[in-house]
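Per-entry structural report
Residue-level listing of the chains:
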Amino acid sequence: MSIPRNALTAALAIIVMTVLLGVVYPLAITGISQVAFPGNANGQKVYVNGKLVGSKIIGQQFATPVVKNGKPVEEEGVPVTTPDPRYFQTRPSATVPPDNAAATTFSNLGPNNKSTEEEIAANIKAYLELNAPYDPGLSTANVPVDAADSSASGIDPEISQANARIQAHRVAAIRHVPLTQVLGLISNYTTGRSLGIFGEPGVDVLELNLALDRLTGGH
Amino acid sequence: MTLQGWVQIVVFFAIIVAITPVLGGYMARVYTGQHVFLARVLGPFERGIYRVIRADVRREQDWKAYAASVMLFSLAGWLLMYLILRTQTLHPFNPEGFHSAPWNVTFNTVTSFLTNTNWQYYGGETTMSYFSQMAGLTVQNFVSAAVGICVAVALIRGIIGRNGKGLGNFWQDLVRTVLYVLLPIAVLGALVLVSQGAIQTLGHYLSFTGPTGLEGHMAVGPVASQEVIKNLGTNGGGFFNTNGAHPFENPNGLTNIFEILLVFCIPASLTATYGRMVGSRRQGWALFAAMTVMFVVGVAVLYAAEVHGTPAQHAAGLHTQVYSGSTGGNMEGKEQRFGIAGSALFNTVTTDTSTGAVNAAFDSLTGLGGAVPMANLATGEVIFGGVGSGLYVMLLYVLLAVFIGGLMVGRTPEMLGKKIEAREIKLASLGILITPLTALISTALAIADHAGRVSIFNKGPQGFSETFYAYLSQSNNNGSAFAGYTGFIQPNAGNVGSHGITFADLLGGFDLAFARYAPILFVLAVAGSLAGKRVSPAGLGTMRTDNPTFVVLLIGVIILVGALTFFPALLVGPIVQSLTGHLY
C-alpha cells in the first residue's frame, strides 16, 4: 500500500477501534454489570435509615470536627478532626483530608527518611494516647504495623485483627459492652483470605462500627 | 516470610504454567491463519472491519511496509487521543464537569498510553472524564498491546520465513489480536472483576455522611472495563490515582491474584506461541525457563526485604515481626487485604512485565525491595515482559546470546538454522541499547538541572531513586513510579491536580516515544533481514538454543548487558539504602 492509502487505513482503523473498544465495549460491560451485579457495580453502598453512610469496601474517618470557641478549626482550608473513641479507627491515611475517597494518594514516604520516622512515631503516639488508657499493657512494642504505617490507597477499608483486638478494649469500655461481645463482633466482620490462600485476613471497619451502633443504639 | 505467603506465590505460578501451552497454542492458530472457534461468530465482523478501514489484508507486507503501518497507526492514535483529552468540557460522560489537563501533562499522558506505558503525571479521579478514560485511555490499552503482539509475531515470521520478505499484514494482525485474543478475555475478565467488587458505573461521584456525622466524598466510574485490559494488555494505568491499591480497582485477595494472572498470561503464552510457530515447543519453553528463573529471584528478594521492614520503622520503635493477627513487615504504603506476600508478588509481576500497575507504594518499599522493580526494568522488560514487547526484546537477547556463544566456541552463529551476521547483530544491539541509553541520559539531565530536581519528594538517596526510576520506567514503557516524583502537586479534589511540570512531562514524553518506537523499528528490521534467509539443516556443530546450557547463557547475557549497565545507578539509590540504617 502507498503511504497515503496506508494513512487513510490508519485513520479509519483508530476510529473503528475507538467506537468498538472505547464506546461499545465499556457501555456493554456497564449494562451487563448493572443488571447482573448491581450492588458491586455501584460500589457496595451502605445505607442506614435510608441515608448513605459509605461503601463497605472504602475506608472512612470515624472522627468529629474539632471546635474551638464555637467555630470549627481549620488547617489550610481543611477541617481538623479528632478520632471518635466510640468507633474503631481505620489505618493512617496520606490523603487530604484523611480517607478522602475523591482524591486518593500514597504517602510516598521513603524507607530511610527522617520524615518517615517522624510520621510513624507520631502515628504510634496517637494510637497509644487513644488506646493505652483502656489497655494498660499496651506499649510501642505491641502496636501492630498496620496501625502505624499509612495504607497505600489512603482509604484501606480494613485493619488487622491484632489492631482491632487492641481497639476493642477502648470501644467496649466506652460503650459499656462486655469485651468478649466486641471480640465476637470482630470475628463476625473479619474477612479471611480469598479461597483460604490469597491475601491476608482483615476486619472491615465500617461494618464493624455499624454493628456496634446497632448493638448500643449509637452510644 | 510465611509458608502461606509462599503457597500463594507457588499456586499463582502453577496456574501460569498451565495456561501457557493452552493460550499459546490458541494464539499460534490465530497468527498462522488456522481456524479458531471464535471465527464462526466474529469472522463476518472481522471481514467487515477490513472493508470499513479499506485494508487489503491478502497482501503480505515486507518489514518496511509493516513498520510504516505501525507508525501511521500510532500517529493517528496519538492525534485522536490528544484531541479527546484536550476537549473534556465537550464530553458526554463527564458528570463531574472536569476541564482538560494542560498541554504538557496531556502530551506526556497521550504518549504514555500510546506506548503501552501508562506513566501517569495526573490523578485519574481528579482529572479524567469517564469519556476520556473509555474512549481515550481504554482504547489505547487495547491497541497499544495489540501493536506489541503484532511486532513480536512479525519477528517470529521473519525468523521462520523461507521464501520472500513478507512478515504478514499489520492490519490483519491488529484486528485479529483485538477480536480473537484481547476482547474476549477482557469481556469475561471485566465481569469476573465486577462479581468480586470492582465497580462499573457511569453515575456521579457519591457524597455520604458517616456514622459520626462527618461528610465524605467518593469517586466512582466505569472501572472494571478499564481495569481488566490495563492488566491483560500489560498497560498498568490506574483509573484512580492509587492504581491497584484502590479497593474499587482491586477489592480483595482473589482479584489481586486474578489481575496478575491477566498480566502474565499473554506474555508467558507468547513463548509457547513462538515455540509452535518455529516448530519446536522446546524453544518456547527455554525462553519460559529463563524468564522463570529471573521472576523467582525477584519475588523472593522483594518478599524477604519487605518482611524485614525499614530503618525508619525500626527507628520509630515499631516492631515488625509477624504474630497472630498482624502481617508484620513494612506495611507503609501497603493494603491490609494484600499483606506483604500479596504485595511482593503483585509488584514483581507488574515490573517483570511492562505493566507498571501497583498495589503498593514503590516509594515506600525498603531499599533492597525497591531495587527489585529497578532490576526488573533494567533487564529491558524481558522477564515475561510486555505483551509482545517482552518476547521481541527477549529474541534480540537470544540473537546476542547465540552470537556470543558462537564466538566462545568458534563457530558461525546460527539461530534456528539461519546464519546470524553482522547486520542482525548490529540491529539487535542497537535495539537493546537504546533503552538504557535513554534512561541514563535522561536521569543525568534531570539530576543535573534544577528544573529536574524540583520534582523530587524524598531527601537523600531516595530522591535519586525517584528520579532514576521515573526515567527508567518511562524508557522501558513500564509506567510504575516512585510516586513521590512530582507527586506532591497532585492530586487535589476539583481537578486542580493536573498541573504539569513541563520539564518532567516533556523529557519523559520523549523517552516514552523514542524507547518504544526505535526498538520496534530495529526489531522489524531484524525480522526483514532474517526473512528469506536460507535455512541450513542442524548438524553436530549447531549450538542448541533449547537446552539448559543455553538458558544459563541467555540469563548471563541479559544480566551482563541489561542489569550491569545500570549498576552504578542502582548503587547510588537502593543499594546504599539497603546497606545502612542511616536516616536522611
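Within each chain, residues carry numbers counting from 1 in the order of the written sequence. By the order in which they are written, chains take letters starting at A while ligands take numbers starting at 1. Confidence filtering applies because this is a predicted model: local features only for residues at pLDDT of at least 70, side-chain atom pairs given and counted only at 80 or more, and all residues used for totals across whole chains, interfaces and linings. Think of the side-chain values as coming from all heavy atoms in the structure, minus any hydrogens and water.

1. Thoughts on the overall build of chain A
- Starting at the N terminus, helices and strands are each numbered in turn, a helix being any DSSP run of H or I of at least four residues and a strand any DSSP run of E of at least two. Counting its secondary structure elements, chain A contains seven helices and 11 strands.
- Here the globule rule is a power law, 2.2 Å times the number of residues to the power 0.38, and the radius of gyration is based on C-alpha atoms. Taken over C-alpha atoms, the radius of gyration comes to 23 Å for chain A, far larger than the 17 Å a tight globule of 219 residues would show.
- Reported as C-alpha extents along the three principal axes, the dimensions of chain A are approximately 80 × 45 × 45 Å.
- Burial classes follow relative accessibility: with a 1.4 Å probe on protein chains only, a residue under 20% of its type's maximum area counts as buried, one over 50% as exposed, and anything between as partly exposed. Among the 219 residues that make up chain A, the fraction classed as buried is 53%.
- Here a residue-residue contact requires only that any non-hydrogen atoms of the pair lie within 4.5 Å. In chain A, of all internal contacts separated by at least 6 residues, the share reaching a separation of at least 24 is 57%.
- All accessible-area figures derive from a Shrake-Rupley calculation using a 1.4 Å probe, and residue coverage is judged against the displayed protein chains alone. Accessible surface, chain A: about 9000 Å² in total, of which carbon and sulfur atoms supply 60%.
- For the purpose of counting charges, residues Lys and Arg are taken to be positive, whereas Asp and Glu are taken to be negative. His and the chain ends are not included. By convention, charge coordinates are those of NZ in Lys, CZ in Arg, CG in Asp, or CD in Glu. Side chains of chain A give 15 positive and 18 negative charges; the mean places of these two sets differ by 7 Å.

2. Quick notes on the overall build of chain B
- Secondary structure summary: chain B contains 20 helices and four strands in total.
- Computed over C-alpha atoms, the radius of gyration of chain B comes to 23 Å, within 12% of the 25 Å expected from 2.2 N^0.38 for 584 residues, which places it in the range of a compact globule.
- Principal-axis analysis of the C-alpha atoms gives chain B an extent of 75 × 55 × 45 Å.
- Counting over 584 residues, chain B shows a buried share of 68%.

3. Focus on the sheet that holds strand β10 (residues 190-191) of chain A
Residue and element names in this part refer to chain A.
- Here the rule is simple: two strands pair whenever DSSP picks up at least two bridges between them. Read across the sheet, three strands follow the order β9-β11-β10 without closing on themselves; strand pairing throughout is antiparallel. Only two strands of the sheet have a single neighbouring strand rather than two, namely β9 (158-159) and β10.
- Strand direction decides the pairing type here: β9 and strand β11 (residues 202-204), joined by two bridges, are antiparallel. If you follow Ile159 over to β11, its bridge partner there is Val203.

4. Regarding the domain arrangement of chain A
- The domains assigned to chain A are domain 1 (3-41) and domain 2 (45-216).
- Each domain's extent was defined by an automatic or database domain assignment. Here the C-alpha centre of domain 2 of chain A lies 40 Å away from the C-alpha centre of domain 1 of chain A.

5. What to know about the pattern of salt bridges
Residues and elements named next belong to chain B.
- Within this document, salt bridges are pairs made up of a side-chain nitrogen of Lys or Arg and a carboxyl oxygen of Asp or Glu, the two lying within 4 Å of each other. Scanning the model with the defined rule gives 18 salt bridges over all chains in all.
- Ionic pairing is found between Asp546 and Arg282, a salt bridge with its closest N-O pair at 3.3 Å. With Asp546 in the loop between α18 (502-530) and α19 (548-565) and Arg282 in helix α10 (residues 281-308), the pair connects residues that are 264 residues apart, well separated along the chain.
- A residue is classified by how much of its surface remains accessible, and Asp546, at 11% relative accessible area, is buried.
- Given a relative accessible area of 45%, Arg282 falls into the partly exposed group.
- The salt bridge partner of Asp546 is Arg544, with a shortest N-O separation of 3.0 Å.

6. Overview of empty space enclosed by the protein
- Both site types are read off a 1 Å grid over the protein atoms alone. A 1.4 Å probe that fits but cannot get out defines a cavity, while an open set with protein on both sides within 12 Å along at least five of seven lines defines a pocket; lining residues have an atom within 4 Å of a point. Grid points are joined across faces, edges and corners, and a volume is the space filled by probe spheres set on the points. Enumeration according to the criterion identifies seven cavities of 30 Å³ or more in this entry.
- Taken as a whole, the largest cavity encloses approximately 290 Å³ of empty space.
- In terms of lining, the largest cavity is formed by 21 residues, of which the most central are A:Phe106, B:Gln120, B:Asn241, B:Ala481 and B:Ala483.
- Around the second largest cavity sit 24 residues that line it, and B:Gly380, B:Val393, B:Thr435, B:Asn476 and B:Ala515 are the ones nearest its centre.
- Of all the elements in the fold, those that place two or more residues in the lining of the second largest cavity are α13 (367-378), α14 (389-409), α15 (422-448) and α18 of chain B.
- Counted by class, the lining of the second largest cavity contains 10 nonpolar, 12 polar and two charged residues. Throughout this entry, Asp, Glu, Lys and Arg are counted as charged residues, while Ala, Val, Leu, Ile, Met, Phe, Trp, Tyr, Cys and Pro are counted as nonpolar. The remaining residues, Gly among them, count as polar.

7. Notes on the nonpolar core
- Grouped together as the largest cluster of nonpolar side chains are 200 residues, with contacts concentrated most on B:Phe12 and B:Ile266.
- At 18 residues, the largest contribution of residues to this core is made by helix α6 (residues 130-160) of chain B.
- Two domains each put at least three residues into this core: domain 1 (3-41) and domain 2 (45-216) of chain A.
- Beyond its immediate sequence surroundings of up to four residues, B:Ile266 is in contact with B:Leu23, B:Met27, B:Ile149, B:Val181, B:Leu182, B:Leu232 and B:Val387. We define a nonpolar core as any set of buried Ala, Val, Leu, Ile, Met, Phe, Trp, Tyr and Cys residues linked to one another through side-chain atoms lying within 4.5 Å.

8. A look at the packing of helix α5 (residues 161-175) of chain A against helix α6 (residues 179-188) of chain A
Residue and element names in this part refer to chain A.
- Relative orientation of the contacting elements α5 and α6 amounts to 135 degrees, with a least axis distance of 9 Å. On the basis of the axis angle, α5 is oblique to α6. Remark: the crossing between α5 and α6 carries right-handed chirality. On α6, the residues touching Ala164, Arg165, Ala168, His169 and Ala172 of α5 are Leu179, Val182, Leu183 and Ile186. Each axis is a line fitted through C-alpha atoms, taken for helices only over the stretch in contact, and angles between the N-to-C directions span 0 to 180 degrees. Any angle that is under 35 degrees is reported as roughly parallel, and any over 145 degrees as roughly antiparallel; angles of 65 to 115 degrees are reported as roughly perpendicular and all others as oblique. Helix crossings are classified by the rotation of the near helix relative to the far one: an anticlockwise turn of less than a right angle makes the crossing left-handed, while a clockwise turn makes it right-handed.

9. Concerning the environment of B:Lys64
- Within the secondary structure layout, B:Lys64 lies in helix α3 (residues 63-85).
- Separated by 212 residues in sequence, B:Lys64 and B:Arg276 place their C-alpha atoms 26 Å apart.

10. What about the interface of chain B and chain A?
- Counting residues at the interface gives 123 residues for chain B, matched by 105 residues for chain A.
- Both sides of the chain B and chain A interface together cover about 9100 Å² of buried area, and 66% of this is carbon and sulfur.
- Of all residues in chain B, the largest losses of buried area upon contact with chain A belong to B:Pro211, B:Glu332 and B:Gln336, amounting jointly to 8% of the total for that side.
- Measuring nitrogen to oxygen at the nearest pair gives 4.0 Å for the salt bridge that ties A:Asp156 to B:Arg337. The buried area of a pairing is the accessible area, by a 1.4 Å probe, that goes missing from both parts when the two are put together, added over both.

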